[in-house]
Amino acid sequence: MTHPVSAPGGAVSSFIRHHFRHFNAAALVDAAEGYRAHLDQGGRMLVTLAGAMSTAELGLSLAELIRRGKVHAISCTGANLEEDVFNLVAHDFYERVPNYRDLTPADEQALLERHMNRVTDTCIPEMEAMRRIESAVLEEWAAADRAGERLFPHQFMYRILRSGVLRDSYQIDPRNSWMVAAAEADLPMFVPGWEDSTLGNMYTGHVISGDVKNVHTVRTGIEYMMELAAWYTSTAEESSIGFFQIGGGIAGDFPICVVPMLHQDLRRDDVPLWGYFCQISDSTTSYGSYSGAVPNEKITWGKLGQHTPKFVIESDATIVAPLIFALLLDW
């Protein structure tokens, strides 16, 4: 049995390489080294964000990964898109509830009455976070609507961040916001199912009330798939594209399907499969479970190949993802 070899890196990387030798810990190191090898060979990487990774403040490591050119596209839920910006402008108003398991229905009602929306042990303040962003984005929605302009959800967020309208409200170092880093890099982004988000619900309300006249002012999920197909096709002509999936759900399910769509529906047989695959998930393999399915199942759907490097880390993504990013950043 071989032991980890010494490699350049800071204290965190050295600790991981020395102690993480078996089981899920070893899989974490293997996945990080596979990610590094994929990039060293000229590959590109799409990262997917599910769950509440933005509220978990993954931006503390993901933002630097973006700045270092180690992420080339992101697919995320509407919640992750907006919650990084919520944290950017309202961090000091968030509240932790370490004993959330002990909350009674009456305790939860009390949080609601204070407009504190709970995500496990963290409460997002509605007025300071959600409504503050709503007022800024509504101006952009309405202006685009009047001009007959149509943009994707992430493009509206990029526009707001670049305008500086929120800058006086920042409550964290903007270098710790992955959305700020993505906007600065003009990173390709895909946000499937954006309607299932706080801002998506708000947008629906403003269309119903007439503040926005054209429901298609915000571009749709089908258009996102078309955009993804164009990005994948052009990028794959020059580089192998890897797939780093944090969690499960639509953030991962949506983009991984672009390859079989190109093959089976557009008959573009020359488009290569994904060149690397890693998933961090605590979802277990069970009857009908997609998020918990082993990577080899994706071979039968034309998403991965027999020889695609494949990694699964069955653990909490809020712990695992920052450690993998630390290895990639030599922290």
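In this report, we go over the structure that sits alongside the text. Computed from a predicted model, the values in this text were never measured in an experiment.

Turning to helix H10 (residues 221-236), a few remarks are in order. Taking 1.5 Å of rise per residue, 16 residues should cover 22 Å, and H10 covers 22 Å from first to last C-alpha, within 8% of that figure. Along H10, the residues classified as buried are Glu223, Tyr224, Met225, Leu228, Ala229, Trp231, Tyr232, Thr233, Thr235 and Ala236.

Within the element layout of this structure, Leu304 appears in the loop between strand S8 (276-280) and strand S9 (310-313). Look past the residues within four positions of Leu304 in its chain and what remains in contact with it is Leu273, Trp274, Phe277, Pro295, Lys298, Ile299 and Lys310.

A word on the packing of helix H4 (residues 78-90) against helix H8 (residues 178-185). In the contact formed by H4 and H8, the axes pass within 8 Å of each other and the chain directions differ by 110 degrees. Judged by the angle between their axes, H4 and H8 are roughly perpendicular. Across the interface between the two elements, Asn80, Leu81, Asp84, Val85 and Leu88 from H4 touch Trp178, Met179 and Val180 from H8. Per-class residue counts for the contact of H4 with H8 are six nonpolar, one polar and one charged.

One non-glycine residue, Arg267, lies in the positive phi region at around 60 degrees. Counting through the fold element by element, Arg267 comes out in the loop between helix H12 (258-265) and S8. With a relative accessible area of 65%, Arg267 lands in the exposed category. The backbone of Asp330 sits at a positive phi, close to 55 degrees, despite the residue not being glycine. Within the secondary structure, Asp330 sits in the segment after helix H13 (317-328).

Moving on to the pattern of salt bridges. In the structure shown here, the tally under the stated rule is 15 salt bridges. As a salt-bridge pair, Glu223 and Arg150 come within 2.7 Å of each other at their nearest N and O atoms. Of this pair, Glu223 sits in helix H10 while Arg150 sits in the loop between helix H6 (126-147) and helix H7 (153-163), and the two are 73 residues apart along the sequence. Taking the relative accessible area as the measure of exposure, Glu223 reaches 15% and is therefore buried. A salt bridge links Arg162 to Asp186, with the nearest nitrogen and oxygen atoms 3.0 Å apart. Linking Arg162 in helix H7 with Asp186 in the loop between H8 and strand S6 (189-190), this pair joins segments that are 24 residues apart in sequence. Salt bridges linked by common partners bring Arg17, Glu33, Arg36 and Asp330 together as one network.

What the six strands build is an open sheet, ordered S6-S2-S1-S7-S8-S9; its pairing is parallel. Each of the sheet's edge strands pairs with one partner strand only, and the pair in question is S6 and S9. Strand direction decides the pairing type here: strand S1 (residues 44-49) and strand S2 (residues 73-76), joined by four bridges, are parallel. Within S2, the residue paired with Leu46 across the bridge is Ala73.

A few words on the sheet that holds strand S3 (residues 95-96). Here we have three strands laid out as an open sheet, ordered S3-S5-S4, and antiparallel in their pairing. If you trace the sheet from one side to the other, it starts and ends with S3 and strand S4 (116-119), each paired once. Examined bridge by bridge, S4 and strand S5 (residues 122-125) share four bridges and lie antiparallel to one another. By the bridge assignment for S5, Met116 is matched with Pro125. With respect to the sheet, H6 is in contact with S4 and S5, its orientation differing from that of S5 by roughly 50 degrees.

Cut-offs used in this document
Residues numbered from 1 in each chain as written. Predicted model: local features only at pLDDT ≥ 70, side-chain atom pairs only at ≥ 80, totals over all residues. Heavy atoms only, no water. Helix = DSSP H or I, 4+ residues; strand = E, 2+ residues; numbered from the N terminus. Expected span 1.5 Å × (residues − 1). Buried < 20%, exposed > 50% of the residue type's maximum accessible area, 1.4 Å probe, protein only. Contact = heavy atoms within 4.5 Å. Axes fitted to C-alpha atoms, helices over the stretch in contact; angles between N-to-C directions. Parallel < 35°, antiparallel > 145°, perpendicular 65-115°, else oblique. Nonpolar A, V, L, I, M, F, W, Y, C, P; charged D, E, K, R; others polar. Salt bridge = Lys/Arg side-chain N within 4 Å of Asp/Glu carboxyl O. Pairing = 2+ DSSP bridges.

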